Amino acid sequence: MTGNGDSQDMAVGRVLGTEHTTTSEFRVLLEDDEYLQLDDLVVVRTEVPKRGEVRTYGVVTEAEAIYEGASFESDTRRIAGEGTMPGAKVRSARIAVTRVDPEVWVSPDPGEVVERAAGVERDKALYVDEMGRPLPVGVGSDGSPMFVDLDFFDGRKGGHMSISGISGVATKTSFALFFLRLLSSRPDILGEGAANMRILVFNVKGEDLLWLDKPNRYFDEAAREQWERLGVEPAPFPSVSFWAPPRTHSGDVVLPDTGGRQEDVAAFTWTPREFIDEGLLRFLFTDANDSRNQIPFIEERVRSQLRRYAVDVAGEPGAVVLRDPIEGYKPGDQVTPNPGEAVIRDLRSLVEQLEEFVDPEDGEPERRWTGRTQAGTVSAFMRRLHAASHRLGHLVRAGESRRIDRAAAQVSVVAIQSLHELGQRFVVGALLAETFAEKERTGQRLPLSVVVLDELNKYAPREGTSPLKEMLIDIAQRGRSLGVLLVGAQQTASRVAPEVMENAAIRVAGRLDAAEAERSEYGWMLPSTRARARLLKPGTMVISQPAIPVPLVVDFPFPPWATRKEEVDTAASDPFEDI
C-alpha cells in the first residue's frame, strides 16, 4: 500500500456551495487543472464542533460540466466560438458517500478541500481496513486493486455469489472462473479454507470450460501485469479433471461425448444400484409444471418402494432385480436371477419393470405401488419415465462404477452441453445432492465445496417447484454453514427463485438489458450505476458486497487459460511439468 503523499498534491477541488450537501451525496467543483472520472475515490476533511476532524469518503458517480453565464443554448457559440460573450467553463463531479470516519454522520462543509483518496485513505474509502480477509478481484479506474471481503463468501459472515448479465457480453462465466482462480492462488488470504477446497463446474454450453488447464495463445504482457498487480502469478488451473456423459451408442466401450477435446476426459455414469440408493428418480421429474398434479406423490412412493425391492445380482456389479421384501432379503444380499426374471441393467429396463409395479396388467390394487391413484396420473408418470429413458438412459448402466470423482482434482469440470435439457437437470441435481449429502454427514464447514452453475434460471426458476429447485434453495439457505457455496450465473436475475438470489451475499453484474436493469432485483445499484450497466464492456463488472454500502465497478484481467480450442497455445510448454 502506498503512502498518503502531500494533501495539497492530492487536492482536486472544493465542495460545491450552491447546493445542499448531505450525508449521502455532495458535489465537487473541480480545479481548472484537475479532473475526476467515474469511480474515482475522494476524501473531505471537515472540522465538526465539539468532535474534531471528521473524514467523509466517497466515490464519483457522475461528472458534469457547464458554462456559467450562458442563459440560452446559442450562448455556447458566443462564449466558446466567437468570444463575444463572457462566460466561464465549470466542471464538477457528483459524489456518493461511502464512509464517514469517525462515524459522526454530518455533511461535509461547503468550500472544504476535496482530495483524491490514495494509499491508506483509499483503503479506508473501500473499508479494506475493516475487512477480515480482503481479496483483490480486479482494478478500479485508478489502476489499483479493488477488494471483496471473503468472510462474506466462504460462510463466515455470508455466502454465495450471483452473477448477472447479457449472454456473450457480460462475461459471467469468465468472471466466476477468474474469482475461483484467485481463491485457489491465494491460500494466504483464504486461510484454512484453502486446504482441500473442491470446485465443481458445470459446462452447460459449448466447450469453453474444457481447456482450463491449457495456456491461452492470446495472453499478453499487458494482461500479465494486471494479474501480477493482483498478487497472482497468471497460469492455467493446475489441478483439473474433466468429465462428460457417454456417447449414446457407445456399446460396451464407454466413451465420453465431447467434440473438440478427447484426451484426459473421462465418461461418467451411474449404476442402477446407485440410481436407486441415492434416490435419483426424483431428478427425472424436474419440470416445475409437474408440481401441479399428483406426479410428485407417485414419484416419492415409487422411490421408496425401489429401495425396499432392489436386490443385487451376483456377478453383475450395479445390476439389480426387484423382489418382494417379504422374502427376507437384506441390504447387501446378492442373488442369482431366476429363469425368466428381469434383470435391471440400465434405465430402460428399470422403466419397463416399474410399469409392472406401477400399473400392472391384471389391475390388482394390492400389487400397485401407487395404491388407488387415478389412472390418468399414473399414465402421465409413466410417459415421463419413458421420455427420460429415451433422453438420458445412457447415463445409467450396470458395470463398474463410473461416478464422478470430485477428489481427483481441485476443479472438476462436468460437460453436460451435449445432453437434452432434462439430462442436464438430472446431472446437476444428482451431483448437487451428492455434494450436499456428504457435507451433511460430516457436519463440518471445511473443506469448502464451491459449485459454479450457469443458466441458474433454468434450474431454479422463479415460478413453480421441482426437486432441483428445492435443492438449490436449500443450498442457498443452509449451504454456507456447511461449506457448500454457490456461484450462480444467469442472464436475468428476475427469473431466478427469490430465495436463491436473496441469500447471495456478493452480487455481480456485467452488461444488462435496459429493461432488466430497472427490475427490483438490481435495487442494490445506484441509479447512475444502472445506467452504466447498459454500456459496460466485456471484462468490466459491478460488484456489491455487505462490507461496502455502494457498488463498485471493477475491471478483471484477460484469462491465461484457453476458453476454446482455437485459443490453446500448443507451442507453450506445460507450466507445471517441473513442479
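Residues numbered from 1 in each chain as written. Predicted model: local features only at pLDDT ≥ 70, side-chain atom pairs only at ≥ 80, totals over all residues. Heavy atoms only, no water.

Some details on the overall build of the chain
Reasoning step 1: The number of helices and strands found in the chain is 16 helices and 21 strands.
Reasoning step 2: Projecting the C-alpha coordinates of the chain onto the three principal axes gives extents of approximately 105 × 60 × 50 Å.
Reasoning step 3: For the chain, buried positions account for 53% of its 579 residues.
Reasoning step 4: Considering only intrachain contacts with a sequence separation of at least 6, the fraction spanning at least 24 residues in the chain is 71%.
Reasoning step 5: Here the chain displays about 25,900 Å² of accessible surface, and carbon together with sulfur accounts for 47% of that area.
Reasoning step 6: Within the chain, the 91 negative side-chain charges are centred at a point lying 3 Å from the centre of the 69 positive side-chain charges. (Helix = DSSP H or I, 4+ residues; strand = E, 2+ residues; numbered from the N terminus. Buried < 20%, exposed > 50% of the residue type's maximum accessible area, 1.4 Å probe, protein only. Contact = heavy atoms within 4.5 Å. Areas by Shrake-Rupley, 256 points an atom, 1.4 Å probe, with all protein chains shown as cover. Lys, Arg positive; Asp, Glu negative; His and termini not counted. Charge placed at Lys NZ, Arg CZ, Asp CG, Glu CD.)

Some thoughts on the nonpolar core
Reasoning step 1: F202, F275, L284, F426 and V427 are the most contacted members of the largest nonpolar core, which totals 80 residues.
Reasoning step 2: A total of 9 residues in this core trace back to one element, the largest contributor, which is helix α11 (residues 421–442).
Reasoning step 3: Excluding its chain neighbours within four sequence positions, the residues that come into contact with F202 are L209, V414, I416, V427, V428, L431, V451, V452 and L453.
Reasoning step 4: Within the second largest apolar cluster, 73 residues are counted, among which are V128, M146, A223 and V554. (Core = buried A, V, L, I, M, F, W, Y, C linked by side-chain atoms within 4.5 Å.)

Digging into the pattern of salt bridges
Reasoning step 1: Under the criterion given, the structure shown has 49 salt bridges.
Reasoning step 2: R478 is the partner of E440 in a salt bridge, and the nearest nitrogen-oxygen pair spans 2.7 Å. Within this pair, whereas E440 is found in helix α11, its partner R478 is found in helix α13 (residues 467–482), the two being separated by 38 residues in sequence.
Reasoning step 3: As a salt-bridge pair, R462 and E521 come within 3.2 Å of each other at their nearest N and O atoms. Of this pair, R462 sits in the loop between α12 (456–459) and α13 while E521 is found in the loop between α15 (514–517) and α16 (527–533), placing the two residues 59 residues apart along the sequence.
Reasoning step 4: Given a relative accessible area of 35%, R462 falls into the partly exposed group.
Reasoning step 5: Salt bridges linked by common partners bring E274, E278, R403, R406, E434 and E438 together as one network. (Salt bridge = Lys/Arg side-chain N within 4 Å of Asp/Glu carboxyl O.)

Considering the sheet that holds strand β15 (residues 334–335)
Reasoning step 1: Read across the sheet, 3 strands follow the order β14-β13-β15 without closing on themselves; strand pairing throughout is mixed. Looking at the sheet topology across the chains shown, the edges are occupied by β14 (320–322) and β15.
Reasoning step 2: Where helix α8 (residues 295–309) meets the sheet, it contacts β13 (310–313) and β14, and its direction lies at approximately 45° from that of β13. (Pairing = 2+ DSSP bridges. Axes fitted to C-alpha atoms, helices over the stretch in contact; angles between N-to-C directions.)

Observations concerning helix α10 (residues 375–392)
Note that an α-helix has 3.6 residues per turn; residues three or four places apart therefore point the same way.
Reasoning step 1: Taking 1.5 Å per residue as the helical rise, α10 with its 18 residues ought to reach 26 Å, and the 26 Å between its terminal C-alpha atoms agrees with that figure.
Reasoning step 2: The complete set of buried residues in α10 reads T377, V378, A380, F381, M382, L385, A388, S389 and L392.
Reasoning step 3: Buried positions along α10 lie against α8, α9 (347–358) and α11. (Expected span 1.5 Å × (residues − 1).)

Here's the deal with the packing of α8 against α9
Reasoning step 1: Two elements in contact, α8 and α9, have axes whose closest approach is 12 Å; the angle formed by their N-to-C orientations is 105°. Taken as axis vectors, α8 and α9 run roughly perpendicular relative to one another. Along the contact surface, α8 presents V302, L306 and Y309, while α9 presents L350, L354, F357 and V358.
Reasoning step 2: Looking at the contact of α8 with α9 residue by residue, the classes come out as 7 nonpolar, no polar and no charged. (Parallel < 35°, antiparallel > 145°, perpendicular 65-115°, else oblique. Nonpolar A, V, L, I, M, F, W, Y, C, P; charged D, E, K, R; others polar.)

Description of α8
Reasoning step 1: Here α8 contains 15 residues, and its C-alpha end-to-end distance of 21 Å stays within 8% of the 21 Å for a straight helix at 1.5 Å per residue.
Reasoning step 2: Listed as buried for α8 are I295, I298, E299, V302, R303, Q305, L306 and Y309.
Reasoning step 3: Where α8 is buried, its residues meet α7 (272–277), β13, β14, α9 and α10.

Comments concerning the sheet that holds strand β1 (residues 11–15)
Reasoning step 1: Within the closed barrel, the 6 strands sit side by side as β1-β2-β5-β4-β3-β6. Their pairing is antiparallel. If you compare each strand with its neighbour and ignore which way they point, the axes differ by 40° on average.
Reasoning step 2: Pairing of strand β4 (residues 52–68) with strand β5 (residues 88–101), which is carried by 13 bridges, proceeds in the antiparallel orientation. Across the sheet, the residue bridging to T56 is V100, located in β5.

Notes on the side chain of T435
Reasoning step 1: Turning to its location among the elements, T435 is positioned in helix α11.
Reasoning step 2: According to the relative accessible area criterion, T435 is buried, its value standing at 4%.
Reasoning step 3: The residues touching T435, leaving out its near neighbours within four places in the chain, are L200, R406, S449 and V484.

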